[in-house]
Amino acid sequence: TMSWGYKPNNGPQKWVENFPIADGVRQSPIDIVPGQASYDAGLKPLDLKYDPSTCLDILNNGHSVQVTFADDTDSSRLTDGPISGLYRLKQFHFHWGASDDKGSEHTVAGTKYPAELHLVHWNTKYASFSEAASKPDGLAVVGVFLKIGGENPNLQKLLKAFDTIKSKGKQTSFANFDPSTLLPGCLDYWTYDGSLTTPPLYESVTWIVCKEPITASSAQMAKFRTLLFSADGAAPDCMVNNYRPPQPLKGRTVRASFK
Ligand SMILES: CCCSc1c(F)c(F)c(S(=O)(=O)NC)c(F)c1F
Ligand SMILES: [Zn+2]
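Residues numbered from 1 in each chain as written. Chains lettered and ligands numbered in written order. Predicted model: local features only at pLDDT ≥ 70, side-chain atom pairs only at ≥ 80, totals over all residues. Heavy atoms only, no water.

Notes on the confidence of the model for the chain
Okay, step 1: A residue-level look at the chain finds 100% of positions with pLDDT of 70 or above and a mean pLDDT of 98.
Okay, step 2: Reported for the predicted complex are a pTM of 0.99 and an ipTM of 0.95. (pLDDT = per-residue confidence, 0-100.)

Focus on the site of ligand 1
Okay, step 1: Surveying the vicinity of ligand 1 reveals the residues Gln-66, Gln-91, His-93, His-95, His-118, Val-120, Phe-129, Leu-139, Leu-196, Thr-197, Thr-198 and Trp-207.
Okay, step 2: Interatomic distance of 3.1 Å between a side-chain N/O atom of His-93 and a nitrogen atom of ligand 1.
Okay, step 3: With respect to ligand 1, the backbone of Thr-198 contributes an N or O atom lying 3.4 Å from an oxygen atom.
Okay, step 4: For ligand 1, the accessible surface in isolation is 440 Å², of which the surrounding protein chains cover 82%.
Okay, step 5: Counting atoms within 2 Å of the grid points, the majority share of ligand 1 lands in the largest pocket.
Okay, step 6: If you list the elements that add at least two residues to the shell around ligand 1, you get strand E7 (86-96) and strand E9 (115-123). (Near = heavy atom within 4 Å. Polar contact = N/O pair within 3.5 Å; in protein donor to acceptor, adjacent residues only side chain to side chain. Areas by Shrake-Rupley, 256 points an atom, 1.4 Å probe, with all protein chains shown as cover. 1 Å grid on protein atoms, 1.4 Å probe; cavity = no way out; pocket = protein on both sides within 12 Å on 5 of 7 lines; lining within 4 Å. Sits in = over half its atoms within 2 Å of the grid points. Helix = DSSP H or I, 4+ residues; strand = E, 2+ residues; numbered from the N terminus.)

Some remarks on the layout of surface pockets
Okay, step 1: The volume enclosed by the largest pocket comes to roughly 440 Å³.
Okay, step 2: As for the largest pocket, its lining consists of 26 residues, of which Gln-91, His-93, Leu-196, Thr-198 and Pro-199 are closest to the centre.
Okay, step 3: When residues of the lining of the largest pocket are assigned to their parent elements, the largest contribution, 3 residues, is made by E7. (Points joined across faces, edges and corners; volume = space filled by probe spheres on them.)

Below you can see the structure in the form of structure tokens.
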């Protein structure tokens, strides 16, 4: 049997067959409707501190491009915002489209962005990422939209590595990258209780979606589309449209950290 993917025969509409939680009560992503979000004055500003020396490698995992971090200390972590306690950075990755008119997972009043960055953090009340990944308060993912604009110099280092990890399973060392260079200037955010957006779709994510996008040029977006879902030697299958569409809100409240 083939594993899950983003094609008609193994994509988001089929995931429920092997992962019934796909029809759960706190699935992600969602369409964020700013006018329906509730401003919560009790929400704290995000406190993100990342240590570039914890950056380990960059990997094509067959679903996305992922940069992995050493998470054996608290040196790259998220605190405050909507969460309590301290969450360690595990990895970041992206979701993007086949063209600049789609690609993000979350949408804003129906607007799709060309891509979305996810910074995945796990709650240190648990012993490891794996233990945290399935707990209701186990993960906190910071989502950042990418919009088309000028070339983003902070993406260049990442994009330069893509040629060496073109196909599924390729990995290469990747050192001294500071993920805070990929954060927008303003850290206003929406937050809601959700899930992983890929199987196993665990309902374990406190979502923190930044209101302000970062930019990427159209040429930089084209670079993402040179990656492959397929392994070396298999028929080349362009890694594009690796995004799940918005899921039902099912009564959830989306809070805003800003007026
Ligand atoms: C147990 C999964 C391994 S780590 C991971 C991931 F690889 C991933 F792709 C997403 S996502 O759902 O796609 N984006 C939020 C995650 F949330 C993750 F935590
Ligand atoms: Zn993701």
